[in-house]
Every structure is written in structure tokens, then in C-alpha cells.
Amino acid sequence: MPSEDLPGPADDLVGVPAEEVSSIVRRAKDELIFMATAGYPLWISSDSNAFHPETLNFGEYLRMSQRGIPTPFFQSEASRDTATIRVSPITIVQTLMEVDQWLHIFCSMVTNAQILEVLSPREEESYKERKQVMSAELVLTTPYVPAREVQFVRYSHQQLDGSWIIVDVSVDELRQFHRPSTRSVCRKRPSGCLIRDMQNGSSLVTWVENVDVREKEDEMHAILKPFVESSFAFGASRWIATLQRQAERFIYSTSINISPNDAPISPEGRRSLTMTANKMVVSFCNDICNSTYHHWTSSNKTRLKTMEVKTNKRRGDPGKPPGLHRTAGCTVELISSHNRVFDYLSDIQNRPQWERMSSGSSVQALVSITTGPDPHNCISVLAMSNHKDILILQECCTDATGSYVIFAPISPDVFQSMLYEVDQEVPLMPFGFSILPNVSGSILDGTLLTMVFQITMKNVSSKQAVEVVTQIVKETLQRIIEAVD
């Protein structure tokens with residue numbers, strides 16, 4: 001493929017003929033359909049234990065697409081996966097085309113997303129032919145991996161058979177000027193999803209990720225490099241698993257059929273707790289990643305590279321208590337599987353073993369709301385026997401590609417008001433864990449555990465705050481390592 005056809009950031013599309021944009025997008029759509037539906041020899045089935053169900057035959061792809069190899073310093077990543085999502089096709093299309101919903105559903109993978117320009121008329125409630133220029137940062141839930149900057153055209157199209165195509169393609173040739181990036185750069189070859197209606201309220205989604213990446217390796221910690229370079233970190237399986245889990249969360253948390261594991265709670269209370277927990281999760285994912293607005297620095301200059309704590313300082317984050325906040329984060333490698341680590345951390349009976357605040361206390365769930373077919377996926381409010389004035393709002397979620405245990409302290413009065421008021425703003429300071437499966441060769445093996453802890457700086461110096469949060473993170477992770485490894 002000529003160099004100008006290489007996918008890349010689109011800084012400004014003003015003045016570019018609409019037919020030129022349409023031609024590029026149509027070619028991208030046709031290529032994505034082929035990649036979503038083709039079998040061997042384009043896609044080669046992997047071993048049953050491999051984390052990628054299929055591997056792209058890159059030589060066959062180059063022959064088929066007539067696209068060039070990556071430019072110098074860029075590496076190619078390609079993956080495909082298919083899953084049944086328990087929502088209608090139009091719901092998925094709307095989630096991907098409306099930037100606020102995209103950020104909301106994929107908060108663990110996307111941040112700082114925006115629509116830069118709409119290239120086609122925005123018909124009310126219609127996505128049959130919509131083209132828009134978007135920018136975003138693709139992130140991992142760890143401070144150890146820099147965000148990937150990406151700009152692209154996203155195009156939604158409904159085919160004659162009723163199926164939908166959402167295609168992303170970066171377009172270098174539409175840039176009128178170039179702004180050098182200081183972060184990792186991602187260029188999208190035709191990527192996206194084919195969405196088929198299963199006529200029972202569900203959708204069959206085939207997701208394709210096909211990108212060229214230039215990593216900013218000096219900001220990436222060595223223990224994360226195999227995970228990122230495997231292409232699993234930003235691959236199709238993680239995108240589609242996240243969509244599937246979020247769809248199940250919506251269905252279960254809004255269902256009138258309450259799980260036998262759930263404590264009795266009014267419909268208003270369920271909605272209020274679910275909405276507040278969701279805000280907590282979104283805030284946590286924003287806090288933990290290494291994005292443009294989160295500048296992390298190492299706080300413990302030691303030889304112990306296996307536990308390097310990073311910190312940042314922020315003020316004025318929406319949804320948080322007022323004041324200056326100091327956040328600490330650290331990622332460690334564990335031998336145990338990510339399922340074992342998640343089971344340990346999500347079991348409230350184990351909490352006093354690793355958490356300083358509940359040490360020596362008994363912990364019980366006052367309320368529990370199941371958010372998926374796996375009973376481990378739930379929202380809970382926890383009480384500690386030695387802290388009558390503090391409760392813990394917690395959400396646990398897990399799938400084959402990663403798990404999270406996220407929590408924030410709330411007062412008993414706030415909890416009581418949440419049981420009856422749906423729309424209320426509760427300032428939250430989230431803490432918790434990102435639990436990602438590590439990779440070894442072509443299989444998932446071990447765990448990448450990231451902890452984030454933060455405090456509001458009141459009557460303490462910046463140095464003291466750094467020391468406090470750093471010590472709490474190190475002590476907590478050490479207790480967990482001793483328990484599960």
C-alpha cells in the first residue's frame with residue numbers, strides 16, 4: 001500500500017473533499033467485512049489454550065489487502081474474536097457511535113475520547129450512514145504503560161441484510177499538518193465489528209483489531225512488556241469481553257427478577273447503588289491509567305524493581321471530595337492465576353488479612369446486587385465491626401480477560417439516603433485492584449496485579465503524603481503476595 005494509505009492520526013479534515021473521505025471509508029468497510037468473515041488461510045486457528053482464538057496470516061493479509069508493511073518503528077497487532085452480546089444491535093451501535101457512552105462502557109480501555117468532526121449529516125436516531133472523526137487514548141489499568149494516542153474516522157453502516165458494520169480507520173492522507181506525539185501512537189488499519197441480529201434480543205458480534213503501534217518504551221515497565229507485546233492487552237478479546245460484561249451488568253442490575261444471593265432492596269435503592277458504583281468504577285479507571293492528564297513519578301527509588309510505586313497529585317477531579325489528592329499505584333507479578341487472585345480479594349472474609357482499616361475486624365455485606373451470571377460479579381455495601389462510622393461501597397467484576405475489585409468509603413447516612421434517592425451526587429475516593437492475566441508464550445499464565453490507593457492531603461506536606469500512600473500500597477501488596485503466592 002502507498003505510504004499515504006497507512007492508517008494514522010487525522011489532525012484536521014477541514015477542506016478535504018467528502019468523496020475522498022467516503023472512498024477511503026468504503027474501502028475500509030469492505031476490508032473489515034472480509035476480515036470478519038474470512039477463514040483459513042487469512043486466519044489460522046490457535047491452540048485451545050491460546051489467548052488469541054485465531055492468528056492473522058500477515059503475508060496473506062498483505063496479499064489480499066494490498067496494504068503495505070508498517071512504517072519503521074511501528075509494530076503490527078491483529079486479532080479477532082466473536083461473542084454473543086445480550087443486547088440488540090442498535091444498542092451496540094449507539095454505544096460505539098456516541099462518545100460519552102463509549103467512554104462509559106469501555107472506561108477500563110479508553111479515556112480522553114472526543115468527536116472532532118462529523119463528516120455526514122447527524123440524522124436523529126439514525127446511524128445507518130454516519131461518519132465522524134474521533135480521537136482517544138487507549139489505556140491499560142496500570143500506571144506502568146503509557147496511553148496509546150489514536151485518531152481515526154469511525155463509520156457506522158447498516159447492510160441490506162440488516163447487519164451492522166462499525167469500522168475505524170486512521171487516515172494519514174487527510175492530515176493538513178503534523179503534530180509530533182510525545183506518547184505511544186496507534187494507527188488503525190480497518191478495525192471494528194460486524195454485528196448480526198440473532199432475533200432474540202441478542203447480537204452476534206465479531207470484533208477485529210488491526211493496528212500499527214509505536215510504543216514509547218522508555219515509559220513502559222519491563223514486567224508489562226510481554227503482556228503488551230503479545231497484542232492481548234489491546235486485542236479483540238478484551239474489547240468484546242468488556243462489552244459482554246457491561247451488557248450483562250446492565251441486564252442484571254436493572255432486572256425485576258432478583259438473584260437469590262441478593263439482599264432485599266427497593267428498585268430505587270438498586271438503581272441508586274448501581275449508578276453510584278458505576279461512577280466509582282469510572283473514576284477508579286481514570287485514576288489508575290497512565291494518560292495525558294495523569295503524570296506518574298516513581299516514589300521509591302530502590303533496587304526492588306518488583307515493587308516500584310508510582311504517585312501523582314491531582315486537584316478538582318469531579319465526583320471526588322474537595323482538596324488536593326495524592327494517588328499511589330503499583331503493579332506486581334504473581335505466580336497464581338488471575339482467577340485465584342480475584343477470588344481471594346473479592347472474598348470479604350479475607351479482607352482483614354490484607355486491608356489495614358479492617359484488620360482485626362469482622363466484615364459483613366449489608367447489601368449485595370448481582371451484576372452478571374457469575375455470582376462474583378456484584379455490587380456490595382460492607383460493614384466492619386470495628387468501624388461503626390464507615391461503610392465500604394464495593395464492586396467486583398470478572399471475565400476471562402481481567403478482573404477488578406474496586407471500593408470506596410461512605411458514611412452510614414449516605415448509604416441510607418442512597419436506598420431511597422436515585423439521583424444524588426456522592427463524593428467518592430475510590431481504591432482497589434486491577435487483576436489482569438499475565439502471558440507466557442501463547443497462553444495466559446500468572447497475574448499482573450495493580451493496586452491504587454489515594455488520600456486527601458490535609459495538614460500534611462506533599463512529602464509526607466507520598467510516604468503514607470507509598471507505604472500503604474507496599475504493605476498491602478506484600479500481604480496479598482504472601483497469601484496467594
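It should be noted that the structure appears before, not after, this text.
Since we're looking at a predicted model, the values are computed, not measured.

Calculation rules
- Residues numbered from 1 in each chain as written.
- Predicted model: local features only at pLDDT ≥ 70, side-chain atom pairs only at ≥ 80, totals over all residues.
- Heavy atoms only, no water.
- Salt bridge = Lys/Arg side-chain N within 4 Å of Asp/Glu carboxyl O.
- Helix = DSSP H or I, 4+ residues; strand = E, 2+ residues; numbered from the N terminus.
- Buried < 20%, exposed > 50% of the residue type's maximum accessible area, 1.4 Å probe, protein only.
- Axes fitted to C-alpha atoms, helices over the stretch in contact; angles between N-to-C directions.
- Left-handed = near helix turned anticlockwise from the far one by under 90°.
- Contact = heavy atoms within 4.5 Å.
- 1 Å grid on protein atoms, 1.4 Å probe; cavity = no way out; pocket = protein on both sides within 12 Å on 5 of 7 lines; lining within 4 Å.
- Points joined across faces, edges and corners; volume = space filled by probe spheres on them.
- Parallel < 35°, antiparallel > 145°, perpendicular 65-115°, else oblique.
- Nonpolar A, V, L, I, M, F, W, Y, C, P; charged D, E, K, R; others polar.
- Core = buried A, V, L, I, M, F, W, Y, C linked by side-chain atoms within 4.5 Å.
- Phe/Tyr/Trp six-rings, centres within 6.5 Å; stacked < 30°, edge-to-face > 60°.

*Asks:* Any chance you could explain the pattern of salt bridges here in plain terms?
*Replies:* Two side chains carrying opposite charge are able to pair once their charged atoms lie near each other. All chains considered together, the criterion is met by 21 salt bridges. The partner of aspartate 168 in a salt bridge is lysine 188, and the shortest N-O contact between them spans 3.6 Å. Taken as a pair, aspartate 168 in strand β7 (residues 164–169) and lysine 188 in strand β8 (residues 184–188) lie far apart in primary sequence, 20 residues in all. Across the pair, lysine 188 and aspartate 168 agree in class, each one buried.

*Asks:* Teacher, can you tell me more about the packing of helix α1 (residues 18–37) against helix α2 (residues 58–65) here?
*Replies:* The relative placement of two packed helices is expressed as an angle between their axes plus a distance between the axes. At their nearest, the axes of α1 and α2 sit 12 Å apart, and the two run at 145° to each other. Here α1 and α2 pass one another in a crossing that is right-handed. Together, Glu31, Phe34 and Met35 of α1 and Tyr61, Met64 and Ser65 of α2 make up the contact between the two elements.

*Asks:* Looking at this structure, I do not really get empty space enclosed by the protein. What am I missing?
*Replies:* Gaps left between atoms are located by rolling a probe of water-molecule size over the structure's atoms. Enumeration over the complete set of coordinates arrives at 5 cavities of 30 Å³ or more. Counted as a void, the largest cavity has a volume near 160 Å³. Arg245, Gln246, Val281, Glu395 and Cys397 are, among the 17 residues lining the largest cavity, the residues nearest its centre. Taken together, the elements giving at least two residues each to the lining of the largest cavity come down to α4 (99–105), α6 (236–254), α7 (267–288), β16 (387–399) and β17 (402–410). The volume enclosed by the second largest cavity comes to roughly 90 Å³.

*Asks:* Help me out: how do you make sense of the environment of proline 430 in this one?
*Replies:* As for its position among the elements, proline 430 is in the loop between α10 (412–418) and β18 (431–440). Sequence-wise, proline 430 and serine 283 are 147 residues apart; in three dimensions their C-alpha atoms are separated by 7.1 Å. Residue contacts for proline 430: discarding those within four places in its chain leaves Met280, Ser283, Phe284, Asp287, Lys320, Ile406, Phe407, Ala408 and Gln454.

*Asks:* It is not clear to me how the packing of α6 against α7 should be interpreted in this structure. Could you clarify?
*Replies:* At a minimum axis distance of 10 Å, the contact between α6 and α7 shows a crossing angle of 155°. Here α6 is positioned roughly antiparallel relative to α7, judged by the angle of their axes. The residues of α7 that touch α6, namely those facing Arg249, Tyr252 and Ser253, are Arg270, Thr274, Ala277 and Asn278. Across the contact of α6 with α7, the residue classes break down as 2 nonpolar, 3 polar and 2 charged.

*Asks:* Looking at this structure, I do not really get unusual backbone geometry. What am I missing?
*Replies:* Across residues other than glycine, the phi torsion is negative in most instances, and most of the peptide bonds are trans. The omega angle of the peptide bond from tyrosine 40 to proline 41 is 10°, so this bond is cis rather than trans. Its identity is not glycine, yet asparagine 112 carries a phi of approximately 50°, on the positive side. Relative to the assigned elements, asparagine 112 resides in strand β4 (residues 110–118). For asparagine 112, a relative accessible area of 27% gives the class partly exposed.

*Asks:* Teacher, can you tell me more about the nonpolar core here?
*Replies:* Generally speaking, soluble globular proteins have nonpolar side chains that are buried together. In this structure, Trp102, Trp207, Leu345, Phe433 and Leu449 are the most contacted members of the largest nonpolar core, which totals 112 residues. When neighbours within four sequence positions are excluded, leucine 449 is seen to be in contact with Cys330, Thr331, Val332, Leu334, Val341, Leu345, Phe433, Ser434, Ile435, Leu477 and Ile480. Of all hydrophobic cores here, the second largest spans 23 residues; its members include Val21, Ile33, Ala38 and Tyr61.

*Asks:* Any chance you could explain the packing of aromatic side chains here in plain terms?
*Replies:* Scanning the entire structure with this criterion turns up 12 aromatic pairs. Ring geometry for phenylalanine 407 and phenylalanine 431: centres 6.1 Å apart, planes at 70°, overall edge-to-face. Here phenylalanine 407, found in strand β17, pairs with phenylalanine 431, found in strand β18; they are 24 residues apart in sequence, far enough to count as distant. On the basis of relative accessible area, phenylalanine 407 is assigned to the buried category, the value being 4%. For phenylalanine 431, a relative accessible area of 11% corresponds to the buried category. With centroids separated by 4.6 Å and ring planes inclined at 25°, the aromatic side chains of phenylalanine 431 and phenylalanine 453 adopt a geometry described as stacked. Of this pair, phenylalanine 431 sits in strand β18 while phenylalanine 453 sits in strand β19 (residues 443–456), and the two are 22 residues apart along the sequence. The class for phenylalanine 453 is buried, based on a relative accessible area of 15%. Among the aromatic residues, those joined into a cluster by ring pairs are Trp354, Phe407, Phe431, Phe433 and Phe453.

Such coordinate-based values are descriptive only and should not be taken to indicate function.
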